[in-house]
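Remarks on the overall topology
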Amino acid sequence: MISDCPNLKPIPSLDGLSSLTDLEFEKVGEEWSHLLPNMLQSNVFLCSLTILNLPDPTWIQDDSLGRLNCLRELAIGGFSEELQEFPWPSSIQYLSASLLVLKLIGWEKLKSLPHQLQFFTALEELTMEGFQGIEAFPEWLGKLSSLKRLSLSGFGKLKSLPHQLQLPTALEELTMCGFHEIEALPNSFKNLSSLRCLRLHSCNKLMYLPSVDVMQSLSNLKTMDICKCPLLETRCERESGPEWSKISHITYIY
């Protein structure tokens, strides 16, 4: 791991690291980030790769990611605040059938999620943070048929979730954090028949869960965690809250 070293010099020789399995670059200087193409080409056994907050994302235009046949976990993003599109590496398409865990870090000027994400059908865990400029979720999100854990954080400008919102039906854990403008969760949650854990954190205006029938149809939902959602917390008070009847059957409520 090389992190929080923007002025680190000199650049050492990185030869002989061909068996490296975990590599993390975060908040490093430009000279270090330019080493990445060669490092990725010579480290084909990488299983986990983190590339966050680099000053220059232009290195990702090469084909080096396509060589990482063993890669199962990838965290990428946090690039220049001036970019209006996520600089999605063209070579990342070669990982679409093998990558299991993906973390994307965005920034406010981004208005959409990378559409190439829909082809990552092997993903089991997806985390997306800091996409403050996103105003709607794409329809293709439901195509991630293998997804079991989904964490969404920092979608502060999203004003509502559409009633026809499609989420992967295989989801077992769903975390929603920092949805400051949303007042209600849609009844389309009824499709989450495998959901075991629902976490709602820091959603300031959230007041309404899906209907009683929808919530009670989620027979696998055993854990619900509501934190820093002041309106919803009040409405979910045991016995007296108007939302209590929707969650009273859940085994663990925090």
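Thresholds, definitions, all that
Residues numbered from 1 in each chain as written. Predicted model: local features only at pLDDT ≥ 70, side-chain atom pairs only at ≥ 80, totals over all residues. Heavy atoms only, no water. Helix = DSSP H or I, 4+ residues; strand = E, 2+ residues; numbered from the N terminus. Areas by Shrake-Rupley, 256 points an atom, 1.4 Å probe, with all protein chains shown as cover. Buried < 20%, exposed > 50% of the residue type's maximum accessible area, 1.4 Å probe, protein only. Contact = heavy atoms within 4.5 Å. Phe/Tyr/Trp six-rings, centres within 6.5 Å; stacked < 30°, edge-to-face > 60°. Pairing = 2+ DSSP bridges. pLDDT = per-residue confidence, 0-100. Core = buried A, V, L, I, M, F, W, Y, C linked by side-chain atoms within 4.5 Å. Domains from an automatic or database assignment. Salt bridge = Lys/Arg side-chain N within 4 Å of Asp/Glu carboxyl O.

With respect to the overall build of the protein chain
Along its length, the protein chain carries five helices and eleven strands. Summing over all exposed atoms, the protein chain offers an accessible surface of approximately 12400 Å²; the carbon and sulfur share of this is 48%.

Points about the environment of L104
Along the chain, the position of L104 falls in strand β5 (residues 101-105). L104 sits in the buried class, given a relative accessible area of 0%. Along the backbone, L104 and T127 are 23 residues apart, and their C-alpha atoms lie at a distance of 6.2 Å. Those residues in contact with L104, other than ones at most four positions away along the chain, are I76, F86, W88, P114, L117, T127, M128, E129 and F131.

Some thoughts on the packing of aromatic side chains
Under the criterion given, the structure shown has nine aromatic pairs. Summarising the aromatic geometry, the rings of F86 and W88 are spaced 6.0 Å apart at their centres and angled 55 degrees between planes, so their arrangement reads as tilted. Across the pair, exposure class does not vary: F86 and W88 are buried alike. The interplanar angle of 20 degrees and the centroid separation of 6.0 Å between the aromatic rings of F131 and F155 together place this pair among those described as stacked.

Let's talk about the side chain of K246
Here K246 is to be found in helix α5 (residues 244-247). Once residues lying within four places of it in the same chain are set aside, the contact partners of K246 are L209, P210, S211, V212 and M215.

Observations concerning the sheet that holds strand β11 (residues 252-253)
With respect to topology, eleven strands assemble into an open sheet ordered β1-β2-β3-β4-β5-β6-β7-β8-β9-β10-β11, the strand pairing being parallel. Every interior strand has two partners, whereas the edge strands, β1 (2-5) and β11, have only one. Bridge analysis of strand β7 (residues 149-153) against strand β8 (residues 173-177) gives five bridges, and the strand direction is parallel. By the bridge assignment for β8, S151 is matched with T175.

Focus: the environment of E24
The topology assignment puts E24 in strand β2 (residues 22-28). Spatially, the C-alpha atoms of E24 and M1 are 4.5 Å apart, while their sequence positions differ by 23 residues. Ignoring any residue separated from it by four or fewer positions in sequence, one finds E24 in contact with M1, I2 and T50.

A few points about the confidence of the model for the protein chain
The pLDDT averaged across the protein chain works out to 86; a share of 87% of its residues lies at or above 70. For the protein chain, per-element mean pLDDT is lowest for helix α1 (residues 30-33), which scores 64, and highest for strand β9 (residues 197-201), which scores 98.

Quick look at the nonpolar core
Among the nonpolar cores identified, the biggest contains 72 residues, and L49, M128, L174 and L200 are the most heavily contacted of them. Counting the residues that make up this core, at least three belong to each of domain 1 (1-98) and domain 2 (124-253). Excluding anything up to four places from it in sequence, L174 contacts L150, L167, F189, L192, L195, C197, L198 and R199.

Some remarks on the pattern of salt bridges
Oppositely charged side chains can form a pair if their charged atoms are brought close together. Within this structure, the stated rule accounts for eight salt bridges. Notably, a salt bridge pairs K157 with E108, separated by 3.1 Å at the nearest N-O pair. In this pair, K157 is assigned in the loop between β7 and β8 and E108 in the loop between β5 and β6 (125-129), connecting sequence segments 49 residues apart. A salt bridge links K246 to E243; the shortest N-O distance between them is 2.9 Å. Across the pair, exposure class does not vary: K246 and E243 are buried alike.

Details of the side chain of T127
Topologically, T127 is positioned in strand β6. Taking relative accessible area as the criterion, T127 reaches 13% and is therefore assigned buried. Other than its neighbours up to four places away in sequence, T127 contacts L102, K103, L104 and S151.

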